[in-house]
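Geometric and topological summary
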Amino acid sequence: MNKTIKSIMMIFAAMFMICAISGCGIISDDVENKDEATSNVYDEPLDFELKDVNGKTYKLSDYRGKKVYIKFWASWCGICIKTLPETDAMTKNSEDIVVLSVVSPGINGEKTKEEFIQWYNKNSFENLPVLLDEDGELSKKMSIQAYPTSVFIDSEGKVKEIIPGAINEEMIRKLMKKLS
């Protein structure tokens, strides 16, 4: 019996490590060709308009002239939740970059919009704008395959890098410095 329990514990530990290293999981299998799906994202400035959890509208083009970091995440993703305090603090302490986050309520296992907002409001993240991609169109356009995923946008509004998996603030800032 002890061998069975140890084996199960080892399997769960291995699964946790894989999840932590690579992101919380595949979220979309409707992208047939990832290279093709993301190639047009780099050619022209990206724009979108989404509302946050409080109903405020955010339009990416309003940030032209500034570098933008976007974190795509989900409430069911343990590594996403673990890294939210750092992302929230980075938002408060960043004058040189804009920090946004995107969640897709009701899609890929995420809570409904109402459930997500209720859940999110119980947390103490005060600085991080959480935009709601209700139809999942932005996530599809960006070919988001796993949570968390980081998107780096230059001052012209062009997507320069998309990185699936968790990265820390030091790496985010390093990558942001490379952008024009």
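Each remark here, short or long, concerns the structure printed above.
First, a word on what this report is: a plain description of the structure on this page. As the structure is a prediction and not an experimental result, all values here were calculated from the model.

1. A look at the pattern of salt bridges
Taken as a whole and judged by the stated rule, the model has six salt bridges. One salt bridge connects glutamate 137 with lysine 140, and the closest N-O pair in it is separated by 3.8 Å. Of the two residues, glutamate 137 and lysine 140 are both situated in helix 5 (residues 137–141); the distance of three residues between them amounts to about one turn of the helix. Taking relative accessible area as the criterion, glutamate 137 reaches 44% and is therefore assigned partly exposed. With its nearest N and O atoms 3.8 Å apart, the salt bridge here joins lysine 160 to aspartate 154. With a relative accessible area of 42%, lysine 160 lands in the partly exposed category.

2. Notes on the packing of aromatic side chains
In this structure the tally under the stated criterion is nine aromatic pairs. Plain terms: the ring middles of tryptophan 73 and tyrosine 120 are 6.4 Å apart, the flat faces sit at 50 degrees to each other, and that makes the pair tilted. Here tryptophan 73, found in the loop between strand 4 (67–72) and helix 3 (78–92), pairs with tyrosine 120, found in helix 4 (residues 113–121); they are 47 residues apart in sequence, far enough to count as distant. Exposure class is identical for tryptophan 73 and tyrosine 120. Each is buried. The rings of Trp73, Phe116, Trp119, Tyr120 and Phe125 are connected pair by pair, giving a single aromatic cluster.

3. Points about helix 6 (residues 169–178)
Every buried residue of helix 6 is listed here: Ile172, Leu175 and Met176. Buried residues along helix 6 cover an arc of 105 degrees about the axis, so they all sit on one side. The exposed residues of helix 6 that point more than 90 degrees off its buried face are Glu170, Lys174, Lys177 and Lys178. If you follow the buried residues of helix 6, they end up packed against strand 4, helix 3, strand 5 (97–103), strand 8 (149–153) and strand 9 (159–164). Two or three places before glutamate 170, at the opening of helix 6, asparagine 168 has a side-chain oxygen 3.3 Å from that residue's backbone nitrogen.

4. Things to note about helix 4
By the burial criterion, the buried members of helix 4 are Phe116, Ile117 and Tyr120. For helix 4, the buried positions fall inside an angular range of 95 degrees around the axis, keeping them on one side. Across helix 4 from its buried face, at more than 90 degrees, point the exposed residues Glu114 and Gln118. The inward-facing, buried residues of helix 4 contact strand 5 and strand 6 (130–132).

5. Regarding the sheet that holds strand 9
Note: strands within a sheet are paired through backbone hydrogen bonds, in either parallel or antiparallel orientation. Read from one edge of the open sheet, seven strands run 3-2-6-5-4-8-9, paired in mixed fashion. Each having just a single partner strand, strand 3 (57–59) and strand 9 make up the two edges of the open sheet. Going across the sheet, the axis of each strand differs from the next one's by a mean of 30 degrees, ignoring polarity. Taken together, the five bridges between strand 4 and strand 8 define a ladder with antiparallel strand orientation. Bridge pairing in strand 8 places lysine 71 opposite serine 150. Contacts between helix 4 and the sheet are confined to strand 5 and strand 6, with strand 6 contributing the most and set at about 170 degrees to the helix. Its contacts with the sheet place helix 6 against strand 4, strand 5, strand 8 and strand 9, and it is angled at close to 140 degrees to strand 4.

Calculation criteria
Residues numbered from 1 in each chain as written. Predicted model: local features only at pLDDT ≥ 70, side-chain atom pairs only at ≥ 80, totals over all residues. Heavy atoms only, no water. Salt bridge = Lys/Arg side-chain N within 4 Å of Asp/Glu carboxyl O. Helix = DSSP H or I, 4+ residues; strand = E, 2+ residues; numbered from the N terminus. Buried < 20%, exposed > 50% of the residue type's maximum accessible area, 1.4 Å probe, protein only. Phe/Tyr/Trp six-rings, centres within 6.5 Å; stacked < 30°, edge-to-face > 60°. Arc of directions from axis to C-beta. Contact = heavy atoms within 4.5 Å. Polar contact = N/O pair within 3.5 Å; in protein donor to acceptor, adjacent residues only side chain to side chain. Pairing = 2+ DSSP bridges. Axes fitted to C-alpha atoms, helices over the stretch in contact; angles between N-to-C directions.

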